[in-house]
Amino acid sequence: MDLSFRDKQLIKQFKRGQNEALAVIYDRYVGLLLKVADGLTNNPDTAEDIVHDVFVKFAQSAETLKLQGSLKAYLITCVTNRARDRWRKLTPAIEPGEASTNAGPQQKAMQRETRHRIHQALAKLPDQQREVIILRLQANMKFHEIARMLSVSINTVQSRYRYGIEKLKHLLNGELKP
Amino acid sequence: MKPEEKIEKLVCEHGISPRPEWLEQTKTDMLKTFQQAEPATQPAGSQWRMIMKNKTTRATAAAVIIAAVLIGMSFFNTNAVVWADVIKPVLEAISVEYDAVIDESGENPQRIHEVVAGTYIKRTYTEGPVNEVLIDTNKEMLFFLVPEAKTAVSIYFKNLPKKLNLIGQARDMILELQNTPDFQVQTLDTDTIDGQPAAGFLANHPQKELLIWANPKTAIPFRIDFKSDIAADVTCRNFKFDSEIPQSTMEMKIPAGYVHQQHTIDLAGLPEAELIKALRFYAKFNNGLFPKDISVLHCIQPGEDIQRRITTLTPHDQKALRLLMQMTRQLLLLQYYQGPGQWHWIGADVELGDAQTPIYWYQPVNASTYRVIYGDLHVEQIDNINLLK
């Protein structure tokens, strides 16, 4: 797995105690991790808690951190593991989130409604299917990377993805009409 | 757009944006935790503060400062050299010799040695059936020997890309970076890199980065890390700038008793069917997997099957040589089939036959749609490429 030299340098500086390197790592990955956490938990408050915990824990790991693969994959794995812990404890809260600031009032309302429906549909998926769909579509991970991360075969990942998309197609039938 | 694609697009675009107050609070908490934790090594600043707090070391440090000023050297973590000094040999050298590793942190790093002199490149591989390749970029030709088959091969290209050497790519990247408005150079702390003291410079803008380590006294670079044109991680080391390169190094001599084969390959305007044939050919001989990327450098190490066939060939086994030539041609097609517009390889380690995973996309010239090739080599036309990026 690729470990870009920029991340290598940042990790090295982070391990040597440099605040700035940690701040750059945070700025690079916080948006992506929050998106993934939100997709996995369907709860923005829980997503914020997870990402907060992941970064605080990461800040404590300077001495012990030993990366085998990419920093991105490592951080996504931390978020995914924490999201899995929460699945057992929490019921998803459906939050429509903010609509695009450039849209007009009517368009904003429509965007909010669409987001709400996607949130609802994702929440109805089995956890394992939702996990693969979020990692593929929101974290931009490849199937073989997801397979390696979840320790399952690539065929399992692909079938979870296919079933998940099929189910979403059924649940979001209205959104697909032109 | 198919319903599945629309679903993917909806999920892709769905997602929350971080609240500014949460972003700030999380960052503050993280940095506070980090400061409270005991770092593995003291940062340069705190090392200096510790020295200056101690009476004995304070006197020694003062002496070091005076000595440094008198002899014009810097001390502790300050780089004596500047970016402009360090890039000078890279930009101006007429000849360069160096070792390069592609994808050093990956599972299968490729090691080569390159000598670049004017329009000539001599590349030596540590593994594979061909040890040395000579390239004349002016004549657009490539020459190599296959000792096992006692054959010399000359390939004449049409539309061969100009920057075939790695240092040339690094040089272009420096110039390109320097000409962008977002260009920044970060001076890194003096460090020990590859066992020697190093002054580091990280040049970047949002899309590209290049890291140079140089001798802090002479400003001569000894290591450069960057992402190559084909997005592989490249590390170049052990530079010899403007060393004398004997003319014989770049001579394309055919040894006595060798058969000479000549081929012509036009790398422009190739039909898509050729590309698909090349992709199938590579995956078939690579244990059913597509390569990490489609550079010649990455693909030149053949799969187990083809390697076994080549190493067992008899001195005049032209059948095996034809196989080698076919492989060379297919690999070149893979590398340079860029379509006339934009293109991207996303097939790393995908299995041949995987109908769900896209491996390659490109946009034909003047087209508003994109062609996407999947792991089972079927092709689809799509409107929105963002789904694949």
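Residues numbered from 1 in each chain as written. Chains lettered and ligands numbered in written order. Predicted model: local features only at pLDDT ≥ 70, side-chain atom pairs only at ≥ 80, totals over all residues. Heavy atoms only, no water.

Participant: What exactly am I supposed to notice about the overall build of chain A here?
Facilitator: Along chain A, the regular secondary structure elements total eight helices and zero strands. Reading the secondary structure of chain A in the N-to-C direction produces α-α-α-α-α-α-α-α. Burial statistics for chain A: of 178 residues in total, 51% are counted as buried. Counted over contacts in chain A with a minimum sequence separation of 6, partners at least 24 positions apart contribute 65%. Total accessible area on chain A is roughly 8200 Å²; 47% of this is exposed by carbon and sulfur atoms. (Helix = DSSP H or I, 4+ residues; strand = E, 2+ residues; numbered from the N terminus. Buried < 20%, exposed > 50% of the residue type's maximum accessible area, 1.4 Å probe, protein only. Contact = heavy atoms within 4.5 Å. Areas by Shrake-Rupley, 256 points an atom, 1.4 Å probe, with all protein chains shown as cover.)

Participant: For this particular structure, what's the right way to read the overall build of chain B?
Facilitator: Looking only at helices and strands, chain B features 10 helices and 17 strands. Counting the 389 residues in chain B, one finds 48% classified as buried. Counting only contacts in chain B whose residues sit at least 6 apart along the sequence, the fraction spanning at least 24 positions is 54%. Total accessible area on chain B stands at roughly 19300 Å², and carbon and sulfur atoms take up 52% of it.

Participant: Would you take a moment to explain the side chain of Arg136(A) for this structure?
Facilitator: If you trace the backbone, Arg136(A) turns up in helix α6 (residues 127–137). Buried charge without a partner: Arg136(A) forms no salt bridge, and the closest opposite charge is Glu8(B), 6.3 Å away. A polar contact is formed between the side chain of Arg136(A) and the backbone oxygen of Met141(A), at a distance of 3.3 Å. (Lys, Arg positive; Asp, Glu negative; His and termini not counted. Salt bridge = Lys/Arg side-chain N within 4 Å of Asp/Glu carboxyl O. Polar contact = N/O pair within 3.5 Å; in protein donor to acceptor, adjacent residues only side chain to side chain.)

Participant: I keep staring at the interface of chain A and chain B and nothing clicks. Help me out?
Facilitator: Put simply, an interface is often sized by how much accessible area is lost when its parts join up. In this assembly, 63 residues from chain A lie in contact with 58 residues from chain B. Counting the surface lost from both chain A and chain B, the interface buries some 5400 Å², and carbon and sulfur atoms represent 59% of this. Our count for the contact surface shared by chain A and chain B stands at three salt bridges. Across the salt bridge formed by Glu48(A) and Arg19(B), the nearest N and O atoms sit 2.6 Å from each other. Remark: the boundary between chain A and chain B carries 11 residue pairs in polar contact (both at pLDDT 80 or more). Mapped onto the side of chain A that touches chain B, the elements with two or more residues apiece are α1 (5–15), α2 (19–41), α3 (44–59), α5 (105–124), α6, α7 (143–150) and α8 (154–171) of chain A. (Buried area = accessible area lost by both parts, 1.4 Å probe.)

Participant: In this structure, what is going on with the packing of α8(A) against helix α1 (residues 3–13) of chain B? I would like to understand it.
Facilitator: Between two packed helices, both the angle of their axes relative to each other and the distance between the axes serve to describe the pair. Viewed as axis vectors pointing N to C, α8(A) and α1(B) meet at an angle of 90 degrees, and their least axial separation amounts to 10 Å. As summarised for this structure, α8(A) and α1(B) are arranged roughly perpendicular, according to the angle between their axes. Of the residues in α1(B), those touching α8(A) at Tyr161(A), Ile165(A), Glu166(A), Leu168(A) and Lys169(A) are Pro3(B), Glu4(B), Ile7(B), Glu8(B) and Val11(B). Each residue belonging to the contact of α8(A) with α1(B) can be placed in one class, and the counts come to six nonpolar, no polar and four charged. (Axes fitted to C-alpha atoms, helices over the stretch in contact; angles between N-to-C directions. Parallel < 35°, antiparallel > 145°, perpendicular 65-115°, else oblique. Nonpolar A, V, L, I, M, F, W, Y, C, P; charged D, E, K, R; others polar.)

Participant: What am I meant to see in the packing of aromatic side chains here?
Facilitator: Here the distance between the centres and the angle between the planes together describe a pair of aromatic rings. Tallied over the entire structure, the rule returns nine aromatic pairs over all chains. Centroid distance Phe58(A) to Tyr74(A): 6.3 Å. Interplanar angle 50 degrees. Geometry classified as tilted. Of this pair, Phe58(A) sits in helix α3 while Tyr74(A) sits in helix α4 (residues 71–87); the two residues are 16 residues apart in sequence, bridging distant segments of the chain. Relative accessible area serves as the criterion here: at 3%, Phe58(A) is assigned to the buried category. Judged by relative accessible area, Tyr74(A) falls into the partly exposed class, the value being 28%. Consider the rings of Trp361(B) and Tyr370(B), whose centres lie 5.7 Å apart with planes at 85 degrees: the pair is edge-to-face. By the ring-pair criterion, three or more aromatic residues cluster together here, those being Phe14(A), Phe58(A), Tyr74(A) and Phe34(B). Its end group placed over the ring of Phe143(A), Arg136(A) keeps NZ or CZ at 4.7 Å from the ring centre. (Phe/Tyr/Trp six-rings, centres within 6.5 Å; stacked < 30°, edge-to-face > 60°. Lys NZ or Arg CZ within 6 Å of the ring centre and 35° of its normal.)

Participant: Which parts of the structure should I look at to understand the pattern of salt bridges?
Facilitator: It is possible for side chains bearing opposite charge to pair when their charged atoms get close. Under the definition given, this model contains 14 salt bridges over all chains. As a salt-bridge pair, Glu131(A) and Arg84(A) come within 2.8 Å of each other at their nearest N and O atoms. Linking Glu131(A) in helix α6 with Arg84(A) in helix α4, this pair joins segments that are 47 residues apart in sequence. A salt bridge links Asp127(A) to Arg130(A); the shortest N-O distance between them is 3.0 Å. With a gap of three residues between them, Asp127(A) and Arg130(A) both fall in helix α6, about one helical turn apart. For Arg130(A), a relative accessible area of 3% gives the class buried. One salt-bridge network, in which partners are shared between bridges, spans Asp194(B), Arg223(B), Asp225(B) and Arg237(B).

Participant: What should I look at first to understand the nonpolar core in this one?
Facilitator: The tendency in soluble globular proteins is for nonpolar side chains to be buried as a group. Counting 59 residues, the largest nonpolar core has Phe14(A) and Ile133(A) as the members making the most contacts within it. In terms of residues, this core owes the most to one element, α2(A), which gives 11 residues. Two domains each put at least three residues into this core: domain 1 (1–91) and domain 2 (104–178) of chain A. In this structure Ile133(A) touches Leu122(A), Leu125(A), Gln138(A), Tyr161(A), Gly164(A), Ile165(A), Leu168(A) and Val11(B), once residues within four positions along its chain are discounted. In terms of nonpolar packing, the next biggest core, distinct from the first, is built from 43 residues, Ala93(B), Val153(B), Ile174(B) and Phe201(B) among them. (Core = buried A, V, L, I, M, F, W, Y, C linked by side-chain atoms within 4.5 Å. Domains from an automatic or database assignment.)

Participant: For this particular structure, what's the right way to read the pairing of strand β1 (residues 95–102) of chain B?
Facilitator: Within a regular strand, the side chains alternate between the two sheet faces. Residue and element names in this part refer to chain B. Counting buried residues along β1, seven of its eight residues qualify, which places the element largely inside the surrounding structure. Pairing of β1 with strand β2 (residues 110–117) involves eight bridges; the strand directions are antiparallel. Residue pairing in the sheet places Tyr 98 in a bridge with Glu 114 of β2. Bridge count for β1 against strand β12 (residues 233–241) is six bridges, and the pairing is antiparallel. Paired with Val 101 across the two strands is Thr 235, which belongs to β12. (Pairing = 2+ DSSP bridges.)

Participant: Could you clarify how one ought to interpret α3(A) in this entry?
Facilitator: Since the α-helix advances by 3.6 residues per turn, residues separated by three or four positions end up pointing in the same direction. Residue and element names in this part refer to chain A. Over its 16 residues, α3 extends 23 Å from the first C-alpha to the last, a length consistent with the 22 Å expected when each residue adds 1.5 Å. Buried residues of α3: Pro 44, Thr 46, Ala 47, Glu 48, Ile 50, Val 51, Val 54, Phe 55, Val 56, Phe 58 and Ala 59, and no others. Put simply, Asn 43 is the residue that caps the front of α3, since its side-chain oxygen is 3.1 Å from the backbone nitrogen of Asp 45. (Expected span 1.5 Å × (residues − 1).)

Participant: I'm lost on the confidence of the model for chain A in this one. Help?
Facilitator: Note: predicted coordinates in regions of low pLDDT should not be interpreted at a detailed level. Residues and elements named next belong to chain A. Averaged over all residues, the pLDDT of chain A is 80; the fraction at 70 or higher stands at 81%. No element of chain A has a lower mean pLDDT than α5, at 77, and none a higher one than α3, at 92. Counting contacts from residues 91–101, a segment whose pLDDT is below 50, to residues more than four positions away or on other chains yields 24 contacts. (pLDDT = per-residue confidence, 0-100.)

Participant: Honestly, the pairing of strand β9 (residues 196–205) of chain B in this entry has me stumped. Any pointers?
Facilitator: All names here are of chain B. Taking burial as the measure, the 10 residues of β9 include eight buried ones, the bulk of the element. Relative to β9, strand β7 (residues 184–187) is paired through four bridges, and the arrangement is antiparallel. Bridge pairing in β9 places Thr 187 opposite Phe 201. Strand direction decides the pairing type here: strand β8 (residues 191–193) and β9, joined by three bridges, are antiparallel. Along β9, the bridge assignment pairs Ile 193 with Gln 196. Turn length for the β8-β9 hairpin, with the two strands adjacent in sequence and antiparallel, is two residues, and the turn residue Asp 194 shows positive phi of about 50 degrees. Pairing geometry for β9 and strand β10 (residues 208–214), over seven bridges, is antiparallel.

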